[in-house]
Amino acid sequence: MATYQEFIQQNEDRDGVRFSWNVWPSSRLEATKMVVPLACLFTPLKERPDLPPVQYEPVLCSRPTCKAVLNPLCQVDYRAKLWACNFCYQRNQFPPAYAGISDVNQPAELMPQFSTIEYIVQHGPQTPLIFLYVVDTCLEEEDLQALKESLQMSLSLLPPNALVGLITFGRMVQVYELSCDGISKSYVFRGTKDLSGKQIQEMLGLTKPAAPVQQGRPAQPQDHSISSRFLQPVHKIDMNLTDLLCELQRDPWPVPQGKRPLRSTGIALSIAVGLLEGTFPNTGARIMLFTGGPPTQGPGMVVGDELKTPIRSWHDIEKDNARYLKKATKYYDALANRSAVNGHCIDIYAFALDQTGLLEMKCCSNLTGGHIVMGDSFNTSLFKQTYQRVFTKDYNGEFRMAFGGELEVKEMGLGGTSQWKICGINPFTTLGIYFEVVNQHNAPVPQGGRGAIQFITQYQHSSTQKRIRVTTIARNWADAQSQIQHIEAAFDQEAAAVLMARLGVFRAESEEGPDVLRWLDRQLIRLCQKFGQFHKEDPNSFRLSESFSLYPQFMFHLRRSPFLQVFNNSPDESSYYRHHFVRQDLTQSLIMIQPILYSYSFYGPPEPVLLDSSSILPDRILLMDTFFQLVIYHGETIAQWRKAGYQEMAEYENFKQLLQAPLDDAQEILQTRFPMPRYIDTEHGGSQARFLLSKVNPSQTHNNLYAWGQETGAPILTDDVSLQVFMDHLKKLAVSSAS
Amino acid sequence: MNVNQQAHMTSPYRQPQPALQGYAQPGYGGPPTQYAPYNGPNPGYQQGPTPAGYSPYSSLPCKTFPATLASDLSSNSSSPLDLGPVRPPPNSGPPPVSASQGYSQYTQGDVQNGPPTMSSQPHRPPVSQSYLPGSQPAYHQQYGAPHTSMQQMTNQMSGMQVSAPPPAVSGYAPHSSNPQTSVSFSGAPSFTPHSVSSQQNSPAASLTHGQPPSQSPFPGSPSLSQSPFPGAPPPVSQPQYSSAPPASSQPHYSGAHPLPASQAQFPGAPPPPSQSSPFHAPPSSFAPPAGAPRQPGVQPMQAPPHSQYLTGPPLPHQPMQGPPLSQQNHAAPGMQGPPAQPAGQGQGVQPQQNGAFGQMSRPQPGYGGSYPGPQNYGAQPPPPAAPPQKRLDPDSIPSPQVSALPAVQKTRHRIDPDAIPSPIQVIEDDQANRSSEPFATGVRGQAPPLVTTNFQVKDQGNASPSYIRCTAYNFPCTSDMAKQSQVPLAAVIKPLATLPLDEAPPYIVDHGETGPIRCNRCKAYMCPFMQFIEGGRRFQCGFCSCVTEVPPHYFQHLDHTGKRVDCYDRPELSMGTCEFTATVDYCKNNKIPQPPAFIFLIDVSYNAVKSGLVDLICAEMKTLLDYLPRESSEADSCIRVGFVTYNKVLHFYNVKSSLAQPQMMVVSDVADMFVPLLDGFLVNVNESRAVINSLLDQIPEMFADTRETETVFAPVIQAGLEALKAADCAGKLFIFHSSLPIAEAPGKLKNREDKKLVGTDKEKTLFQPQTSFFGNLAKECVAQGCCVDLFLFPNQYVDVATLGVVPSQTGGSVYKYTYFQVPSDGDRFLNDLRRDVQKQVGFDAVMRVRTSTGIRATDFFGDFYMSNTTDVELAGLDCDKAVTVEFRHDDKLSEESGALMQCAVLYTSCSGQRRLRVHNLSVNCCTQLADLYRNCDTDTLINFFAKYAYRSILNSPTKTVRDTLINQSAQILSCYRKNCASPSSAGQLILPECMKLLPVYLNCVLKSDILQPGADISLDDRAYLRQLVTSMDVAESHVFFYPRLLPLQKLDVEGDSLPTAVRASEERLSKGGLYLLENGLHLFLWVGANVQQELLQSVFNTPSFGQIDPSMTNLPVLDNPYSRRLRAIIESFRAERPRYMKLMVVKQDDKLELIFKHFLVEDKSASGGASYVDFLCHMHKEIRQLLS
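Quick caveat: nothing in here was measured; it's all calculated off a predicted structure. (Residues numbered from 1 in each chain as written. Chains lettered and ligands numbered in written order. Predicted model: local features only at pLDDT ≥ 70, side-chain atom pairs only at ≥ 80, totals over all residues. Heavy atoms only, no water.)

1. Re the sheet that holds strand β1 (residues 17-19) of chain A
Residues and elements named next belong to chain A.
Link 1 in the chain: If you trace the three strands from one edge of the open sheet to the other, you get β1-β3-β18, paired in antiparallel fashion. A strand with exactly one partner marks an edge of an open sheet, and here the two such strands are β1 and β18 (431-434). Averaged over all neighbouring strand pairs, the angle between strand axes comes to 20 degrees, with direction disregarded.
Link 2 in the chain: With three bridges joining them, β1 and strand β3 (residues 39-42) adopt antiparallel strand pairing. Paired with V17 across the bridge in β3 is F42. (Pairing = 2+ DSSP bridges. Helix = DSSP H or I, 4+ residues; strand = E, 2+ residues; numbered from the N terminus. Axes fitted to C-alpha atoms, helices over the stretch in contact; angles between N-to-C directions.)

2. Quick look at the interface of chain A and chain B
Link 1 in the chain: At the interface, 19 residues of chain A touch 25 residues of chain B.
Link 2 in the chain: Of the roughly 1,800 Å² buried between chain A and chain B on both sides combined, carbon and sulfur atoms contribute 59%.
Link 3 in the chain: On inspection of chain A and its partner chain B, the count reaches two salt bridges.
Link 4 in the chain: A salt bridge links B:D669 to A:K193; the nearest nitrogen and oxygen atoms lie 3.0 Å apart. (Contact = heavy atoms within 4.5 Å. Buried area = accessible area lost by both parts, 1.4 Å probe. Salt bridge = Lys/Arg side-chain N within 4 Å of Asp/Glu carboxyl O.)

3. Concerning the UniProt feature "domain: Gelsolin-like" (unreviewed entry) in chain A
Link 1 in the chain: UniProt records the feature "domain: Gelsolin-like" (unreviewed entry) at residues 606-692 of chain A, using the numbering of this structure.
Link 2 in the chain: A helix fraction of 37% and a strand fraction of 23% characterise residues 606-692 of chain A, whose end C-alpha atoms lie 18 Å from each other. (UniProt positions renumbered as here; feature names shortened; annotations may be inferred.)

4. A word on the packing of aromatic side chains
Two aromatic rings are characterised by how far apart their centres lie and by the angle between their planes.
Link 1 in the chain: Counting across every chain of the model gives 74 aromatic pairs over all chains.
Link 2 in the chain: For the pair A:F378 and A:F383, a centre-to-centre distance of 4.8 Å together with 90 degrees between the ring planes defines the contact as edge-to-face.
Link 3 in the chain: Ring geometry for B:F1040 against B:F1041: centres 4.9 Å apart, planes inclined by 80 degrees, an arrangement best described as edge-to-face.
Link 4 in the chain: On the basis of relative accessible area, B:F1040 is assigned to the buried category, the value being 10%.
Link 5 in the chain: Linked through ring pairs, A:F131, A:Y133, A:F290, A:Y349, A:F351, A:F378, A:F383, A:Y387 and A:F391 together constitute an aromatic cluster.
Link 6 in the chain: The aromatic ring of B:Y554 is capped on one face by B:R564, whose charged end is 4.4 Å from the ring centroid.
Link 7 in the chain: In this structure, B:R1044 is placed above the aromatic ring of B:F1133, and the distance from its NZ or CZ to the ring centre is 3.9 Å. (Phe/Tyr/Trp six-rings, centres within 6.5 Å; stacked < 30°, edge-to-face > 60°. Buried < 20%, exposed > 50% of the residue type's maximum accessible area, 1.4 Å probe, protein only. Lys NZ or Arg CZ within 6 Å of the ring centre and 35° of its normal.)

5. Some remarks on the packing of helix α10 (residues 358-366) of chain A against helix α16 (residues 571-581) of chain A
Residue and element names in this part refer to chain A.
Link 1 in the chain: Running from N to C, α10 and α16 cross one another at 20 degrees; their axes reach a closest spacing of 8 Å. Comparing their axes, α16 and α10 come out roughly parallel. α10 and α16 meet at a crossing whose hand is right-handed. Along the contact surface, α10 presents L358, L359, K362, S365 and N366, while α16 presents P571, D572, S575, Y576 and H579. (Parallel < 35°, antiparallel > 145°, perpendicular 65-115°, else oblique. Left-handed = near helix turned anticlockwise from the far one by under 90°.)

6. Quick look at the pattern of salt bridges
Link 1 in the chain: Using the criterion set out here, one finds 78 salt bridges over all chains in the structure.
Link 2 in the chain: The shortest N-O distance in the salt bridge between A:R467 and A:E118 comes to 2.8 Å. Taken as a pair, A:R467 in strand β20 (residues 466-478) and A:E118 in strand β7 (residues 116-121) lie far apart in primary sequence, 349 residues in all.
Link 3 in the chain: A residue is classified by how much of its surface remains accessible, and A:E118, at 3% relative accessible area, is buried.
Link 4 in the chain: The salt bridge partner of B:D890 is B:R856, with a shortest N-O separation of 2.9 Å.

This is how it looks when you write it as structure tokens:
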């Protein structure tokens, strides 16, 4: 299997693609019998330092319904200067520029190592990147101050020609005009009144009755001059904007006792969307929403301003007791769609102790490829550094962000052609794409054939270039009846786990939690039945091949994960976790499903240990990475030593080093991860230890007393089943003929 | 005619009508004397009359007039005299001449013409040309030196006019003189006057007699033509006149047509002197008149008018006379004398006249012949008598008859303007008589001096007339009586009026936490009308009679008269006006109010920027902000200010003191206005000075290149309102607006200027707002105490009727500067703005008028809002705003306790203090109509009428409104005539002394741009003026309707006295003169074409008329006494009025003169408004119709 592992790894490195099945069943029926759907995780903009983009445009298949891009899998007749589309078999003439083509003089796109290739499109106007800040002013003074500083800092990180705009909101919404000297000028909107995009543009004076010329060119500069009042190149209004941010005051309207401040998040977003919609449609733009509390008025409000009415909880939602939920969700959904249509993405930075309405607003980011970052306060490094990381640059000094992405998938022998729009993409954005084999059972794909899939990603690079990245991959077809072992061997359990988890999360968005779990369990059991080796009704005989061995464990942790479990999580938190889960790449996703636990001790170098309560030992330091949190847990003894201050003593230098080791490792993770995880330093008995305890497999609990008091770990006070119990049940069910 | 008769009858009249005699007597007396002289002169008529007669008249008249005055005033009852006597006196001196001329001229001319035969042609002309003929001696006189004498005459004439009859008489007089037969008739007497003519008295007498004549006529007629008349006389006095005069006159004419006539006229003039004497001693005078002389006197009077006609018609004489008379009647109802004739002439006359005119010349010769025929007389007399009776009065009849006669109009013109009541005279007299002594308000029921009079007020328990003026100071006791008289019972209240510098502002009384003491039942405030009883333990309310306990802390013992011992220590017990500090109970929401705020909302659309307005406002604002109103005790104003600019969106400014630069916040969502900021919008001027100045510097720059032409309006008000709401305070919005708000927004308006509607039943819609939106908005404003002042700078229609709704309902003001240009209107605007910003103003005011039982305030006029029937709510109330309140009976009033009213205004001062200003006024109650009519204030009445009418046009066709006004006035006057005036000929117009000017002022109201628009006045202007008048006080409305016209030729450059004004008529303008005219809104300097170069030099710094720049709005500053004085006068005028008046220089015969002439309100107006004379005739007709 090593070969498969290598193959998989190689494929991922080269194309950013991981399939659940690397050999494809040849008919629809068989595909469904596989339980785990034929699907892949695709990272469209996977960083490829070794892949220089080519400076010309792709050659397309001439069939209007196909338009696939010339790729290494195409058959080429060098003499006739013809190539056959491997998707529709259309024969195409090479364009004149390819006149000198021959089998020794191939263009890059025909070389096998360029199964992924990036073209730079030269034509079309280059519009600068646009950053529109939407800032909540109903913050505590400190928070606002911290936020202002971060924003000011961010100005220095932007490319000089990037356009920036500023909208603030509280009880009202203010759109700042940045072009004027002297007097600072802003347009103010009532926070309670929904306005259409057109109205907003009218009110901002963005519609010019004149300019009936439809020729695009003349209209372009004019549009620019109008909109320039609100969106200005950073280099021009750097000082202005810095001053403006500096003078930004908290929302002045008094907040009576027992009330929440009136916060018009909904309108602010609507105006931001409307503003960009009118001025820069189909141009890469980020709307960055910074909010410190829930929307409390106007459309999109999530909770009333009475403090005595708490913001909705899962309990309320289940009881259908969340008054504003549906309306607000619908509102933000509509906004998100508008924004997506125009290729603008919306980031949400929600920093507050209480919920801020992410549940309702999440679609804004989810549908547009924007970020969501959640935290307690803007005055934390969590925010500051995460925000800074948004503007990190790649090896070329380019931003690790792209805009207005449009992904097109062309398959052969699979479902129809599809297109998606992902307004904001970064190199880590990973999509789960689920395919359907359309061939009927009685007309399977011929044996030995290869199925091909082409991903065409068009996007606006942060350097404002328009680029097209084309990834073409092929996999073998196999008859599930006769070649099941091939298929089985080509199973990528990691990818499958993530893909199934994504399906589960998707279902959880619309279904009740228990239903999803039940569905997940059923799938798992079916998979085990399909691929397990066992004797009927004999659980002990149950075996899974190596390529499936980890899969149940992933499922066990997935069931306990915050993506499917809402207990102890607020609706906002759930939304936040899910948001990230469905967009991170495979590795990160796996961490989210099954956190990684490292153990540090005097007994050897740090080692990964089982995510199990048995790993919690007094003389160890544990480092747990759940993606969202980094927990450093000092075992009981270690904690005592630390308290006693041994690390300060020269003779215990080694202890000091031991203490330092996990910190350094954590730092490394903190440096690279986006969003920055919550960093927790705790110890045995500490209240924050719960983060660790809730994650580990409760192999020892107050219920299984046999382990009580032994030096084998820490008991977890929970009624959750342990992995052992889970596996036992699984085996039993898998072998049962009843199901 | 009458005169003659009177003269004859003298004895009889005296006896029967003492009162009349009183008045009449003087007049009569005069005539008689004249007559006497005339008689003598008969032969000498020709001689004496012309030359000698005039000069003497002048002198004589003077005497007579004063006399008449005295009599009039003294004896109110002198109904007939009213007009005659009063006016004559004033004018007497100078006017007589002109007057006499007026009449005499015509008459003279006519007469002369007539008599001389040669004059035949002239006859016609005179009529039509009346003035032109003036070129003849008569006219010349008016203008020329003779003026004096002439004027006197006119005055007298005026008196006469009232008593219309004179003309007839005059006509007759001459006749009488002419015909020998006359001898037998009054003729003899008439002649005698002639002889006397030298004495001049006779003529004067005749004039004044005008009135008396009517009375006298009867007697006279009988006496004279006893034989014929006898029969006639008995029936009706009037008929008698008619009959009588003709008879007498005819003979006269026949006697000495040519000369005599002229003489007769002259005699008319001369009479004045005689009158003078007679007036003094009416009885005595009468006596003489009784004698032959009277007739002559009378004759002369009548003669003139008639003579004209007559002259023309000579032949027809008798018959002619008839017609002419009738004509006269028509023309000037006052001229009743004639009517009689018409009656007699009846049929024949008209045709004759027609023919007569043409024939005029011819007839004359014939006159002699015809005249001779005494038969005519005989015949005529009888017929006249009969018909008149039937028809009631020939006078009344006139209309139909007249209508038939084309000549009528001409006759009307014949009435001498100087002979009718002169506003100037009345004003001057009042100023002369009443300005020296302070007016003490302690005496109940005493009418204050006129508004035009400078006088000091001593508050002795009733509010100063500066605060309250009533239409009547003797209220009828019963509603029946009130209904009968039709005199509106109203008060014009100006609660925060600015007092003259030498009067102390109201005392402020602080009763501490308990607040002012009030009646338990009606809640009236403690005032001098509260009666303390039971040793001071309780007090009885003067309004509702309820007895209330005196709170212990307020207890005080009573003295032996029942007055509290501390009465004079407590302003509320001794003063008509005082002010209480209000407690928190009197505050909105029981919360001490915040200091008010001023918000300036500036239109920055293209038009406003282009006209330089925005620059101007911003520049001015910097200094203006130092002069916000403040309490006298405070160094700085507490008022906070805020700024907004707008076109079709609004820009708010954050001018918080901590900012380095102001911040602009644009609100484009005009459909749903809100205030985008809280902190930093309303600021203290001193704290934010730097930021504000920076803002004011930048506003013009920011919008210098604007191309936005559309504006919104309602959202602007909403913005201010919301800002005040947010700040939880009251305040005032200053909106500077340029165009019709057509931008998409609430309250969006469309251009609906449709001049075709003018004059139709739909005209009222032009004054109604386009939409009810603003009404509702105003309501909200009032609730918040948000007063809106609107400055308009339109270049075209802006729909003032709609835009003005909010200002007018919130107690604000509207200012309008059409075609605003900085050079020409900048000064006016800035001065208005300064004054508007600086003037004392109260906010969030509620005014309530309480009255004693039996009477109730039923209707209110002014700029305010009422949510119920009693409380007048004013978001803002400034020192210039007046509210007119109408009272109605709901029960009987008692003479003993009088009628009390208390006007309490609760308001927030400019420093945020809640205060109560209380004005108390008591008036008498009367059971006699005469008392009512004796104590009226015509100026206030006009104020009421104007406001009433101007409001009515919102709901009724303009014509209906005009008719209503005329009817009510006619009823008022006829009621007086019927009930208070001594019996007299219906042909006489008898006006109450106090209402002498009612017709002329009423005419001004009727022909105002609102009720009778000319073609050139825009709908906006009409709506604007309509709203202006709504809040005017009496002084303003007075000058607005009857502008002040000052001759400047003989300016007293040293002293500070103003020249005596002249009447607003083109006739009064001399080509060589310089005149200043003001009406409170406009200020004109009229330059005659023949003004002396020196004068031009000293005023305009140019020697040539042609070089005067008509576009100047201020006179050049020249260092000569005349220029200094003139500019000082102009400044003083401006200072006197709430609005700054731009000076317009009008050169005679220049295009602009048309505008100027519009304000010569005694003349016929271009829009068809009646001249004073015509209107007076019309009123007379109306009155007579009512009397019949």
